[in-house]
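Structural characterization, general
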Amino acid sequence: MAYRLNTPRFAAESFDHEVVVLDLEGGLYYSLEGAAAWLYRELAAGTALDGLIAACPPAYARQAAAVAQQLVSESILTATNDEGRAPVEPAPEATAPVRMTRYDDLQLLLQLDPVHDVDATGWPNPGRP
Amino acid sequence: LIPEATADFAGEAEAAFRRAGERAGVHRMFCRLAGATIGFELAGPEVRAITRALQHLETDPAPVDLTVRVFDRTPLQRPPWAWTELRSRGEVPIADPAWCVSYLDDVLSLWRRGAPEALVWVRDVRELTVSQRGSPFLHLLHAWARARGWVLLHAAAVGGALIVGPGGSGKSSSAIAALRRGLPYLADDYCLARGDRLESLYCSAKLWSHDLTDRADFYDAEGKGLFWVEPARHARLRAVVVPERTGEARAALEPIAPARALRAVAPSTLFQLPWSGPEIVGVLGDLVRRVPCYRLRLGAREDVPALLRELA
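Residues numbered from 1 in each chain as written. Chains lettered and ligands numbered in written order. Predicted model: local features only at pLDDT ≥ 70, side-chain atom pairs only at ≥ 80, totals over all residues. Heavy atoms only, no water.

When its secondary structure is counted, chain A shows 4 helices and 6 strands. Secondary structure elements in chain A, listed N-terminal to C-terminal, are β-β-β-β-α-α-α-β-β-α. Expressed as a percentage of the 129 residues in chain A, the buried residues total 43%. Put simply, of all contacts in chain A between residues at least 6 apart along the chain, 72% involve residues at least 24 apart. (Helix = DSSP H or I, 4+ residues; strand = E, 2+ residues; numbered from the N terminus. Buried < 20%, exposed > 50% of the residue type's maximum accessible area, 1.4 Å probe, protein only. Contact = heavy atoms within 4.5 Å.)

Dropping the structure here:
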């Protein structure tokens, strides 16, 4: 099965050793490092999941599968109807870290409900001076 | 929401502005920002207070690229949206993405992208908080600047050192410490960037009262103090700095990867501003790749200006 980034809800920026993903609706953000960054890049580009896991060194294949599952369960990646391509980038070496970190420290910025910050009467009350 | 209903509402709001102006008089002010001239039409003498944070941008009367009409204490007709339709960040969902309409903390902004005029309604200018006085028209200027190729950042700036991170991370206190040592202060909370150019947006500085060593120009009930300052207007981006509070005795700088800097600037910028799409994440990614990025380990405050001076 193949996937793509679930846009416009999510945005991602890829660096050499890390991918940063933002959930623009949920106020979460993620860091994918090492083999997790490679895994994300391949999946978001349309590589088939099965082929990707098969290409992983046994040392982290199980961890990589768990990261892929989290990418899907958190709706960062969404399934497509494509069969998916073969991996393009070679898998990182067996000692590479496979790290996905989820940050929720700024979620409050999005959860501030503007409705709660105005009068209970709703729209500006003409009688108010 | 259908765009026509929004246009009708904007037309009614414009008529309300004119009534307010006829009643209280209209003061005009011109500012130069992001390579353009903005003309403010302010209904009533008290409304002028909202532009204090833009005073350093003031210029002589000139043909304007955008007219912003501002008024308060004037009832508006009921808007064509329900409270339940307002999204976080105050964004009003309208079928036509050209409309930038937000309502947050008793400030309504109406602008149709590309239009030469915008409208800002405030419930009562006298009740604005320190944050609102120190950073007025934030939503409108964010949308307008983006349309001109600039991006509004949640960041402080001292010379070419862009200091990024969420609220409470040490941006303001670092920038104000540098200001007190005479470094070129551009911003403590928000500034504009385009490529490697930084531009000051507000001539304000905000600190919590427990951090104040000077008397502030304005305090609000939350305990924040507001100062008016004379910022530098422009700088060339030279470094991105991520402050980190530590219990260490000495402050220090250490290099970090650009991805770490993006994690500091992108969520706090995009999660608080409406109409922030994936495209802005790409712009911020380019920004942090452009220059070296550092972690600023905050120790003794008196060390911080010297470290920022090296980067500015």
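Next, the rest of the story.
Here we come to a positive patch on the surface. Residues and elements named next belong to chain B. There is a patch of like positive charges on the surface, built from Arg32, Arg148, Arg194 and Arg197. Locating Arg32 in the fold gives a position in strand S1 (residues 26-33). Residue Arg32 is classed as partly exposed on the basis of its relative accessible area, which comes to 36%. (Patch = residues over 30% accessible without salt bridge, like charges linked within 9 Å, V, L, I, M, F, W, Y side chains within 5 Å. Areas by Shrake-Rupley, 256 points an atom, 1.4 Å probe, with all protein chains shown as cover. Salt bridge = Lys/Arg side-chain N within 4 Å of Asp/Glu carboxyl O. Lys, Arg positive; Asp, Glu negative; His and termini not counted. Charge placed at Lys NZ, Arg CZ, Asp CG, Glu CD.)

Another aspect to go through is the environment of Ala257 of chain B. Residue and element names in this part refer to chain B. Along the polypeptide, Ala257 turns up in the loop between strand S18 (252-256) and helix H5 (258-270). Taking relative accessible area as the criterion, Ala257 reaches 42% and is therefore assigned partly exposed. For the pair Ala257 and Gly160, spaced 97 residues apart in the sequence, the C-alpha separation amounts to 18 Å.

All names here are of chain B. In space, the 7 strands of this open sheet follow the order S3-S1-S2-S4-S7-S6-S5, with mixed pairing throughout. Two strands close off the open sheet at either side, each with one partner strand: strand S3 (58-59) and strand S5 (99-104). Note: strand S4 (residues 66-72) against strand S7 (residues 117-122), 6 bridges, orientation parallel. Paired with Val68 across the two strands is Ala118, which belongs to S7. Sheet strands in contact with helix H1 (residues 3-24) are S1, strand S2 (36-43), S4, S5, strand S6 (107-112) and S7, and its direction is about 70° off that of S4. Strands S1, S2, S4, S5, S6 and S7 of the sheet are contacted by helix H3 (residues 138-147), whose axis makes an angle of about 20° with S6. (Pairing = 2+ DSSP bridges. Axes fitted to C-alpha atoms, helices over the stretch in contact; angles between N-to-C directions.)

A few words on the packing of helix H1 (residues 35-44) of chain A against helix H3 (residues 61-73) of chain A. Residues and elements named next belong to chain A. Two elements in contact, H1 and H3, have axes whose closest approach is 10 Å; the angle formed by their N-to-C orientations is 50°. Judged by the inter-axis angle, H1 sits oblique to H3. H1 and H3 meet at a crossing whose hand is right-handed. Contacts between H1 and H3 involve Ala36, Leu39, Tyr40 and Leu43 from the former and Ala64, Val67, Ala68 and Leu71 from the latter. Residue classes in the contact of H1 with H3 are distributed as 8 nonpolar, no polar and no charged. (Parallel < 35°, antiparallel > 145°, perpendicular 65-115°, else oblique. Left-handed = near helix turned anticlockwise from the far one by under 90°. Nonpolar A, V, L, I, M, F, W, Y, C, P; charged D, E, K, R; others polar.)

With that settled, the discussion passes to the layout of surface pockets. Reported here for the second largest pocket is a volume of approximately 250 Å³. Residue lining of the second largest pocket: 13 residues in total, with Leu24 and Glu25 of chain A together with Arg87, Arg89 and Ser276 of chain B positioned closest to the centre. Of the residues contributing to the lining of the second largest pocket, the split by class is 5 nonpolar, 3 polar and 5 charged. (1 Å grid on protein atoms, 1.4 Å probe; cavity = no way out; pocket = protein on both sides within 12 Å on 5 of 7 lines; lining within 4 Å. Points joined across faces, edges and corners; volume = space filled by probe spheres on them.)

Below, the discussion takes up the pairing of strand S19 (residues 293-298) of chain B. All names here are of chain B. Most of S19 sits inside the fold, with 6 of its 6 residues counted as buried. Every second residue of S19 is oriented toward a common face, with Cys293, Arg295 and Arg297 on one face and Tyr294, Leu296 and Leu298 on the other, all of them buried. By the bridge criterion, 5 bridges tie S18 to S19 in an arrangement that is antiparallel. Bridge assignment links Pro255 to a residue of S19, and that residue is Tyr294.

Below, the discussion takes up the interface of chain B and chain A. Taken together, the 43 residues of chain B in the interface contact 32 residues of chain A. Of the roughly 3,100 Å² buried between chain B and chain A, counting both surfaces, carbon and sulfur atoms make up 70%. Its largest share of buried area at the contact with chain A, chain B owes to Trp83, Arg263 and Phe271 of chain B, together 26% of the area lost on that side. Scanning the region where chain B abuts chain A turns up 2 salt bridges. One salt bridge in this structure joins Arg263 of chain B and Glu18 of chain A, with 2.8 Å as the shortest N-O distance. Viewed at the interface, chain A and chain B are joined by 4 residue pairs in polar contact (both at pLDDT 80 or more). (Buried area = accessible area lost by both parts, 1.4 Å probe. Polar contact = N/O pair within 3.5 Å; in protein donor to acceptor, adjacent residues only side chain to side chain.)

Let's shift gears to the environment of Gly225 of chain B. Relative to the helices and strands, Gly225 of chain B resides in strand S15 (residues 224-228). A C-alpha to C-alpha distance of 34 Å links Gly225 of chain B and Pro278 of chain B, two positions 53 residues apart in sequence.

This part is about the side chain of Glu91 of chain B. All names here are of chain B. Tracing the sequence through the fold places Glu91 in the loop between S4 and S5. On the basis of relative accessibility, which here comes to 12%, the residue Glu91 falls in the buried class. At 3.2 Å, the side chain of Glu91 forms a polar contact with the backbone nitrogen of Trp275. Among residues more than four places away in sequence, those in contact with Glu91 are Glu85, Leu86, Val101, Pro274 and Trp275.

All names here are of chain A. Taking strand neighbours across the sheet as the criterion, the 4 strands line up as S2-S3-S4-S6 in an open arrangement whose pairing is antiparallel. Bordering the open sheet on either side are strand S2 (10-14) and strand S6 (98-103), each of which pairs with just one other strand. Neighbouring strand axes in the sheet, compared pairwise and without regard to direction, differ in orientation by 15° on average. In this sheet, S6 lies alongside strand S4 (residues 28-34) in antiparallel orientation, the contact comprising 6 bridges.

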